[in-house]
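Secondary and tertiary structure notes
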Amino acid sequence: MRRALARVAPGTPLRDGIERVVRSKAGALLVLDDGPDVLSICSGGFLVDAPYSPQRLSELAKMDGAIIISGDGGRIARANVHLVPDPTVPTSETGTRHRTAERVARSLDVPVVSASEEMGVINVYARGGKRQLQEIGRLLERANQALQTLERYKTRLDDSIAKLTAVEVEDVATLRDVAAVVQRGELVHRIADEIETMIVELGVDARLLRLQLDELYGEIDNELEHVVADYVPDGQSVQDTLAEMSRLTDDEVHDLRLAARALHRIGDPDDLGQEVSPKGLRLLHRTNRLSGDSANAIADHFDGLSKLQRATVDDLTAVNGVDAATAADVRETIARVTESAILDQYN
């Protein structure tokens, strides 16, 4: 869907042509691919095979049939064709043009654009999904509201991570603390994902939104992966856990117990008060000179953050691949994070 939206975003020649069609009070059915599968369902019409231009599209849309545009958008292949998609493909649309557009997109997995003649509504169909294009001003307003929501949720996520760090260094972390971070991280990811789609849809008008999203979202994905890696049991991958969270509905993701179950820890996942111990990977990754492989080796060697906190430089250099300078950096980082977490909690 994002690839399809990028092709019809403001500032593109295709969007210019579609808006010309809408302003002229005409309708249009555009298939944005001219592969063999698309041509096999085309009946009638005539071969154009001419370079694409907004003016040509506007003129050809005066006819009732569909217009076939090449996959790269640089050529109009055919015009005024009758599309005959599989009639058994389900569709939720009512108008003839929109029903055909949805069936073609579902059956052939190609992007299709449908512009309503009477209402001027532009719908994009791709991979079984549908998105109605909105006015730039309204879309910008929605995107700014979403950014404000993202900022609030990110603040809550930061608070949850800070609390998790504090209870980790004191060795009193519970499953509830971990599940809260995973849950809020998924909520932040969903909001950012929606904003990302709006940015694609806005095209050239989204430069400032992109800068704001990058500043807010930053390294959240990496931080969340490190949190999950600290608590998932051996044999369970971080990506599987995050994928399981992404499959939850919007209502389910607010249930802490479902977030706890996604971690697949041994014991009762509904007992959110049970104590859990991190491996220490998240704090190790804060060491600048430490590679990912070395961090995993250290975490495996000490088997828990509590033992890692008591480790000396000599203990750390006993790990394969860790020299004295790196061991000193690790020791200093863990001590600094521990002191900072305790002070923040006290304040």
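Residues numbered from 1 in each chain as written. Predicted model: local features only at pLDDT ≥ 70, side-chain atom pairs only at ≥ 80, totals over all residues. Heavy atoms only, no water.

**Comments concerning the overall build of the protein chain**
- Check the secondary structure of the protein chain and you find 16 helices and eight strands.
- Against the compact-globule benchmark of 20 Å for 347 residues, the protein chain has a radius of gyration of 27 Å, which places it well outside the compact range.
- Reported as C-alpha extents along the three principal axes, the dimensions of the protein chain are approximately 80 × 40 × 40 Å.
- Classification of the 347 residues of the protein chain by burial places 47% in the buried group.
- Long-range contacts, defined as pairs at least 24 residues apart, comprise 65% of the intrachain contacts of the protein chain with a sequence gap of at least 6.
- Counting 41 positive and 58 negative side-chain charges, the protein chain places the averaged centre of each group 6 Å from the other. (Helix = DSSP H or I, 4+ residues; strand = E, 2+ residues; numbered from the N terminus. Rg over C-alpha atoms; globule rule 2.2 N^0.38 Å. Buried < 20%, exposed > 50% of the residue type's maximum accessible area, 1.4 Å probe, protein only. Contact = heavy atoms within 4.5 Å. Lys, Arg positive; Asp, Glu negative; His and termini not counted. Charge placed at Lys NZ, Arg CZ, Asp CG, Glu CD.)

**What to know about the pattern of salt bridges**
- A complete count under the given rule lists 21 salt bridges for this structure.
- Close ionic contact of Arg127 with Asp109 constitutes a salt bridge, the shortest N to O distance being 3.9 Å. With Arg127 in the loop between β7 (122–126) and β8 (129–132) and Asp109 in the loop between α5 (96–108) and β6 (112–115), this residue pair connects regions lying 18 residues apart in the sequence.
- For Asp109, a relative accessible area of 41% corresponds to the partly exposed category.
- Linked through salt bridges whose partners overlap, the residues forming this network are Arg131, Arg142, Glu194 and Glu201. (Salt bridge = Lys/Arg side-chain N within 4 Å of Asp/Glu carboxyl O.)

**What about the packing of aromatic side chains?**
- Counted according to the given criterion, the structure contains zero aromatic pairs.
- A cation over an aromatic ring shows up here: Arg156 above the ring of Tyr153, its NZ or CZ 5.2 Å from the ring centre. (Phe/Tyr/Trp six-rings, centres within 6.5 Å; stacked < 30°, edge-to-face > 60°. Lys NZ or Arg CZ within 6 Å of the ring centre and 35° of its normal.)

**Observations concerning the side chain of Arg103**
- Structurally, Arg103 is set in helix α5.
- Buried and unpaired, Arg103 has no salt bridge, with Asp86 as the nearest side chain of opposite charge at 7.0 Å.
- For Arg103, the residues in contact, after removing those within four places along its chain, are Pro85, Asp86, Pro87, Val89 and Thr91.

**Remarks on the side chain of His98**
- Looking at where His98 falls in the secondary structure, it is placed in helix α5.
- Accessibility expressed as a relative area gives 14% for His98, which makes it buried.
- When neighbours within four sequence positions are excluded, His98 is seen to be in contact with Glu93, Ser114, Ser116, Asn123 and Tyr125.

**Re the nonpolar core**
- Membership of the largest hydrophobic core comes to 69 residues, with the highest contact counts inside it found for Leu150, Val178, Ile195, Leu284, Ile298, Leu308 and Leu316.
- Broken down by element, the residue count for this core peaks at 14 residues, all from helix α7 (residues 175–202).
- Val178 has contacts with Leu164, Val227, Tyr231, Leu263 and Val276, leaving out every residue within four places of it along the chain.
- In terms of nonpolar packing, the next biggest core, distinct from the first, is built from 25 residues, Val8, Ile18, Ile76 and Val124 among them. (Core = buried A, V, L, I, M, F, W, Y, C linked by side-chain atoms within 4.5 Å.)

**Focus on the environment of Gly35**
- With respect to the helices and strands, the residue Gly35 is situated in the loop between β1 (28–31) and α3 (36–40).
- Here Gly35 falls in the buried class, since its relative accessible area comes to 15%.
- Considering only alpha carbons, one finds Gly35 and Ile69, 34 residues apart in sequence, at a separation of 9.9 Å.

**Quick word on the packing of helix α6 (residues 136–169) against α7**
- In contact at an axis separation of 9 Å, α6 and α7 are set at 160 degrees when each is read in the N-to-C sense. When the interaxial angle is binned, α6 and α7 end up roughly antiparallel. The handedness of the crossing between α6 and α7 comes out as left-handed.
- Considered class by class, the residues forming the contact of α6 with α7 number 21 nonpolar, three polar and eight charged. (Axes fitted to C-alpha atoms, helices over the stretch in contact; angles between N-to-C directions. Parallel < 35°, antiparallel > 145°, perpendicular 65-115°, else oblique. Left-handed = near helix turned anticlockwise from the far one by under 90°. Nonpolar A, V, L, I, M, F, W, Y, C, P; charged D, E, K, R; others polar.)

**Things to note about α6**
- For α6, built from 34 residues, the straight-helix expectation of 50 Å at 1.5 Å per residue is met to within 8% by its first-to-last C-alpha distance of 48 Å.
- Asp171 sits one or two residues past α6 and shows a positive phi near 60 degrees. (Expected span 1.5 Å × (residues − 1).)

**Notes on unusual backbone geometry**
- Phi is positive for Lys25, which is not a glycine, with a value near 60 degrees.
- Located in the positive-phi region is Asp49, a residue other than glycine, with phi close to 50 degrees.

**Thoughts on the pairing of strand β4 (residues 66–69)**
- Both faces of β4 are covered, namely the face carrying Ala66 and Ile68 and the face carrying Ile67 and Ile69.
- In this structure, β1 lies alongside β4, joined through two bridges in parallel fashion. By the bridge assignment, Val31 is partnered in β4 with Ile68.
- Of the strand pairs in this sheet, β4 and strand β5 (residues 75–83) are connected by three bridges, and their pairing is antiparallel. (Pairing = 2+ DSSP bridges.)

**Section: the environment of Ala28**
- Here Ala28 shows up in strand β1.
- Ala28 sits in the buried class, given a relative accessible area of 8%.
- Considering only alpha carbons, one finds Ala28 and Glu117, 89 residues apart in sequence, at a separation of 7.5 Å.
- Once you skip the residues sitting within four places of it in the chain, Ala28 turns out to touch Val21, Ala61, Arg97, Val113, Ser114 and Ala115.

**Remarks on the environment of Leu211**
- You can see Leu211 is positioned in helix α8 (residues 207–217).
- Sequence separation of Leu211 and Leu256 is 45 residues, and the distance between their C-alpha atoms is 32 Å.

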